[in-house]
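Listed below are the residues making up each chain.
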Amino acid sequence: MNSDNQNSPVTKRSFLQTLGMIGGSAAVMTALNGWEISKASTKAAPPTLSSDGNGKKIIILGAGISGMVTALELSKKGYDCQILEAREFAGGRCQSARKGTVIEEIGGEKQICNFEHDQYLNIGPWRIPAEHKSTLHYCRTLGVKLEVMINECVQIYNYTENGSGPLNGQRIRNIDLKTDLQGNITELLAKCANDGALEQYLTPEDTELLVEKLVGSGLIDKESLEYKPNEGRGYRDYPGAGEHFGALSEPYNLSEILRVKLRTQGSTADHPAVMYQAVGGMDQIAKAIFGALPAQMIKFNSEVTDIIQNDDGVEISYIDANTNQKTKTKADYCVSSIPFPVINKVNNNFDPEITDALKSPSAMSTVKTGVQMNRRFWEDDDMIYGGVAWSDIPMQMMMSYPSADLFGADGGVILANYVLFAPAVQFSNLSIAERTEFALSVGEKFHPGAYRKHFTGNFISKAWHKTKYSLGGWSSWSARMRTNKFPRLVKGDKRVFITGDSMAPMLTGWMAGAIESAWLTIEEIDKRVGQASQS
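Here goes a summary of the coordinates provided. (Residues numbered from 1 in each chain as written. Predicted model: local features only at pLDDT ≥ 70, side-chain atom pairs only at ≥ 80, totals over all residues. Heavy atoms only, no water.)

Turning next to the overall build of the chain. When helices and strands are counted, the chain shows 15 helices and 26 strands. Taken over the C-alpha trace, the chain has a radius of gyration of 27 Å; the compact-globule value for 535 residues is 24 Å, and the two agree within 12%. In the chain, buried positions account for 53% of the 535 residues. Across the chain, contacts joining residues at least 24 apart in sequence account for 69% of those joining residues at least 6 apart. As displayed, the chain offers around 24700 Å² of accessible surface, 50% of which is attributable to carbon and sulfur atoms. Averaging the locations of the 55 positively and 61 negatively charged side chains of the chain gives two centres separated by 7 Å. (Helix = DSSP H or I, 4+ residues; strand = E, 2+ residues; numbered from the N terminus. Rg over C-alpha atoms; globule rule 2.2 N^0.38 Å. Buried < 20%, exposed > 50% of the residue type's maximum accessible area, 1.4 Å probe, protein only. Contact = heavy atoms within 4.5 Å. Areas by Shrake-Rupley, 256 points an atom, 1.4 Å probe, with all protein chains shown as cover. Lys, Arg positive; Asp, Glu negative; His and termini not counted. Charge placed at Lys NZ, Arg CZ, Asp CG, Glu CD.)

Pasting the structure below:
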């Protein structure tokens, strides 16, 4: 590389492109993380509101995380908040299935969860990254105890059966797959550098330092630069006392690894190896926010049918799900946290641009399925402690092992299948018996002879796109719709504001998205009320 171009940003970009061609996106992301180019939420606490509510009435539609946070913060400033919730409980999608939980899908069978030993499955949100400071804010201030959620376990198995080569139809340790790929890429990069193939990107001094770093990884031989068995990959025969020195495991060759057609998500800023979860189930977060609200603020079983606004206020009509009685109530403002696919079915007089924007994102089809086991064989036999496993089996995307109660004597609940998009629709069209059999058949491929053997018979499955008051796991915005349609929703309508995780396009599906959209909404209300008081 010419010395007068060594600081050129184009050169850096070219180097990343070369690295990407060799190592893929994971290698590029590693380099970006090394340069500390990452994104994290800057929202660590609710905004400071400048205006007092002075008894102004706010009707909030939906008692999910976003709706309850909106009510909690506005009520502190003297707003008269009332929440209308169609369900008989608060929390929205922040749910955990435990003994007694009833799941009824549209057109589906009624399920009653029978998990024993106080075990549960987080059927909604299931993990919190450290960068979601808004979620952690309420956990801290409301006393929700957190514990480690192990998102990535090196010993976990991944499984592929739609590729080619000798590894097809095999379960492959995560550490083997990742280390062998990294080792082979390290070998290629070191040899390219050593042979002068990177001279247009790096100075001779930097090339020498690069090779030194690559050798220092312990993955390649110092002299030959070839990838070799190493302690990073681990042992096929673990060392012990005396002269039991063990034997390192033999790597797969690059050709074998390249033929493994398997989508696996490595650690990223918002999906790191170590995340967090609420002790006893993620629904504890929703319960804590609910407990912080003034008594009787939520009217349950209240299904909204009409939202009619004018320049002076808004009128909401709703039906009591138990009595079928229709009621009307008026307020100064309305905040809707109703999921977009549901609110689109409610009669309203929104501005046409608002109506159009609400229909712009697509509803995410998603299913979560849990199986209870009477023994933690994945820990005892396979050294798997928490973590997410991936497969390319149709209708099966990933499974996750419980991080709670590690080494527990009473077994545990495995997230047997978490699937999205069209495969989720296909899976949800199966009967519960068929879903159970599918989960067990897949589990046997990961744990032959153990998965069926230790299954207790307790099974639960939740299809969010078939859930009456959700009609999807979350709303997914395309880049074009974020640019062309989303901005119209941010400021709200005359007297109606829209909130919920769908109003955080880069955080949809996360509790942080629900919380931070609520914070954004109360800022808008604060501005509107402040402007009105000055006019």
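Now that the structure has been shown, we can carry on.
A few words now on the environment of Gln95. Looking at where Gln95 falls in the secondary structure, it is placed in the loop between strand S2 (80–84) and strand S3 (96–97). Relative accessible area serves as the criterion here: at 11%, Gln95 is assigned to the buried category. Gln95 sits 27 residues away from Asn122 along the chain, and the two C-alpha atoms are 6.3 Å apart. The contact partners of Gln95, leaving out residues within four places of it in the chain, are Arg87, Phe89, Leu121, Asn122, Ile123, Gly124, Pro125, Asp283, Lys462 and Trp464. A distance of 2.7 Å separates the side chain of Gln95 from the backbone oxygen of Gly92, its partner in a polar contact. (Polar contact = N/O pair within 3.5 Å; in protein donor to acceptor, adjacent residues only side chain to side chain.)

Let us look at the sheet that holds strand S13 (residues 298–299). In space, the 5 strands of this open sheet follow the order S13-S2-S1-S17-S26, with parallel pairing throughout. Two strands close off the open sheet at either side, each with one partner strand: S13 and strand S26 (496–498). As paired elements, strand S1 (residues 57–61) and S2 share 5 bridges and run parallel to each other. Its bridge partner lying in S2, Leu61 is registered against Leu84. Here helix H15 (residues 511–534) sits on the sheet in contact with strand S17 (333–336) and S26, set at roughly 155 degrees to S26. (Pairing = 2+ DSSP bridges. Axes fitted to C-alpha atoms, helices over the stretch in contact; angles between N-to-C directions.)

Further remarks concern the packing of helix H3 (residues 133–141) against H15. Two elements in contact, H3 and H15, have axes whose closest approach is 8 Å; the angle formed by their N-to-C orientations is 85 degrees. One way to sum up the angle between H3 and H15 is to call them roughly perpendicular. For the pair H3 and H15, the contacting residues are Ser134, Thr135, His137 and Tyr138 in the first and Met511, Ala512, Ile515, Glu516 and Trp519 in the second. The residue inventory of the contact of H3 with H15, partitioned by class, reads 5 nonpolar, 3 polar and 1 charged. (Parallel < 35°, antiparallel > 145°, perpendicular 65-115°, else oblique. Nonpolar A, V, L, I, M, F, W, Y, C, P; charged D, E, K, R; others polar.)

Our focus in this paragraph is the nonpolar core. Ile83 and Ile285 are the most contacted members of the largest nonpolar core, which totals 39 residues. Top contributing element to this core by residue count: H15, with 8 residues. (Core = buried A, V, L, I, M, F, W, Y, C linked by side-chain atoms within 4.5 Å.)

For the rest of this paragraph, the subject is the environment of Asn158. Position of Asn158 relative to the elements: it lies in strand S8 (residues 157–160). Linking Asn158 and Arg173, residues 15 residues apart in sequence, is a C-alpha distance of 6.3 Å. Engagement of the side chain of Asn158 in a polar contact is seen with the side chain of Asn174, the distance being 3.4 Å. At a separation of 2.8 Å, a polar atom in the side chain of Asn158 contacts the main-chain amide nitrogen of Trp390.

Evaluated as defined, the whole model comprises 13 aromatic pairs. For the ring pair Phe377 and Trp378, a centre distance of 5.1 Å and an interplane angle of 85 degrees mean the geometry is edge-to-face. There is no split in this pair, since Phe377 and Trp378 are both buried. Between Trp477 and Phe486, the aromatic rings sit 5.3 Å apart at their centres with planes inclined by 75 degrees, giving edge-to-face as the arrangement. (Phe/Tyr/Trp six-rings, centres within 6.5 Å; stacked < 30°, edge-to-face > 60°.)

The full count for this structure, using the stated rule, is 23 salt bridges. For Arg233, the salt bridge goes to Asp180, with nearest N and O atoms at 2.7 Å. Of this pair, Arg233 sits in the loop between helix H5 (204–216) and strand S10 (235–237) while Asp180 sits in helix H4 (residues 174–194), and the two are 53 residues apart along the sequence. Note on accessibility: Arg233 and Asp180 belong to one class, buried. Residue Arg488 is joined to Asp351 by a salt bridge in which the shortest nitrogen-to-oxygen separation is 3.9 Å. Here Arg488 is found in helix H14 (residues 486–490), whereas its partner Asp351 is found in the loop between strand S18 (347–348) and helix H9 (352–358), with 137 residues between them in sequence. Arg488 gets classed as partly exposed once you look at its relative accessible area, which sits at 24%. Ionic contacts of the salt-bridge type, sharing partners, join the residues Arg98, Asp283 and Lys287 into one network. (Salt bridge = Lys/Arg side-chain N within 4 Å of Asp/Glu carboxyl O.)

Further remarks concern the packing of helix H2 (residues 65–76) against H15. It is the contact of H2 with H15, at a shortest axis distance of 8 Å, that shows an interaxial angle of 40 degrees. Classified by the interaxial angle, the pair formed by H2 and H15 is oblique. Where H2 crosses over H15, the handedness of that crossing is right-handed. Along its contact with H2, which presents Ile65, Ser66, Val69, Thr70, Glu73 and Leu74, the element H15 presents Met511, Ala514, Ile515, Ser517, Ala518, Trp519, Ile522 and Ile525. (Left-handed = near helix turned anticlockwise from the far one by under 90°.)

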